[in-house]
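# Notes for the structure review
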Amino acid sequence: VNTYKADGTLQAAGMVGNCAASDDVFPEKASVFFANFQVHYMKTYKRVVNTAVIPNKVYILYQRGCPTPTTEDAGTPQR
């Protein structure tokens, strides 16, 4: 399915049309219970923590079309 921006240009599939720092691009959030991972939502990215491994592995996932979060924004992932 093709979607179009207000100006009539094609918007890439899965891409956020507007990614302002104040916008919440994850209006629907997963609630995770009884799993070996945690999801922490910020406005334009989310941190997924794999708690099944020690040390925990952290993944930073951000919406296509949004700027890449900085290490300071996302927290320093554990290695």
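Reference entry: report on the structure contained in this document.

The rules behind these values
- Residues numbered from 1 in each chain as written.
- Predicted model: local features only at pLDDT ≥ 70, side-chain atom pairs only at ≥ 80, totals over all residues.
- Heavy atoms only, no water.
- Helix = DSSP H or I, 4+ residues; strand = E, 2+ residues; numbered from the N terminus.
- Buried < 20%, exposed > 50% of the residue type's maximum accessible area, 1.4 Å probe, protein only.
- Contact = heavy atoms within 4.5 Å.
- Salt bridge = Lys/Arg side-chain N within 4 Å of Asp/Glu carboxyl O.
- Pairing = 2+ DSSP bridges.
- Axes fitted to C-alpha atoms, helices over the stretch in contact; angles between N-to-C directions.

## Observations concerning the overall build of the protein
Counting secondary structure elements, the protein contains 1 helix and 5 strands. Traced from its N-terminal end to its C-terminal end, the protein shows the element sequence β-β-β-β-β-α. Here the protein, with 79 residues, has 18% of them falling under the buried criterion. Restricting to contacts in the protein with at least 6 residues of sequence separation, those with at least 24 account for 22%.

## Focus on the pattern of salt bridges
Taken as a whole, this structure holds 1 salt bridge when the rule is applied. Salt-bridge contacts for K29 lead to D24; the nearest nitrogen and oxygen are separated by 2.7 Å. Taking relative accessible area as the criterion, K29 reaches 41% and is therefore assigned partly exposed. Given the relative accessible area of 35%, D24 is considered partly exposed.

## Some details on the sheet that holds strand 3 (residues 37-41)
In spatial order, the strands read 3-4-5; together these 3 strands make up an open sheet with antiparallel pairing. Where the open sheet ends on each side, the last strands, each with one partner, are strand 3 and strand 5 (57-62). The mean inter-strand angle of the sheet, taken between neighbouring strand axes irrespective of direction, is 20°. For strand 3 and strand 4 (residues 45-50), the ladder comprises 5 bridges, and the chain directions are antiparallel. Paired with Q38 across the strands is V49, a residue of strand 4.

## A look at the environment of P67
With respect to the helices, strands and loops of the structure, P67 is situated in the loop between strand 5 and helix 1 (71-74). By relative accessible area, which is 56% here, P67 ends up exposed. On a C-alpha basis, the gap between P67 and T44 in space is 8.3 Å, while along the polypeptide they are 23 residues apart.

## Some thoughts on the environment of G65
Here G65 is to be found in the loop between strand 5 and helix 1. With a relative accessible area of 45%, G65 lands in the partly exposed category. Sequence-wise, G65 and G17 are 48 residues apart; in three dimensions their C-alpha atoms are separated by 7.2 Å.

## Let's talk about the pairing of strand 5
Two strands pair when backbone bridges link them, and strand 4 and strand 5 are joined in this way by 6 bridges, in the antiparallel orientation. From the neighbouring strand, K46 faces strand 5, where its bridge partner is L61. Count of turn residues in the strand 4/strand 5 antiparallel hairpin: 6 residues.

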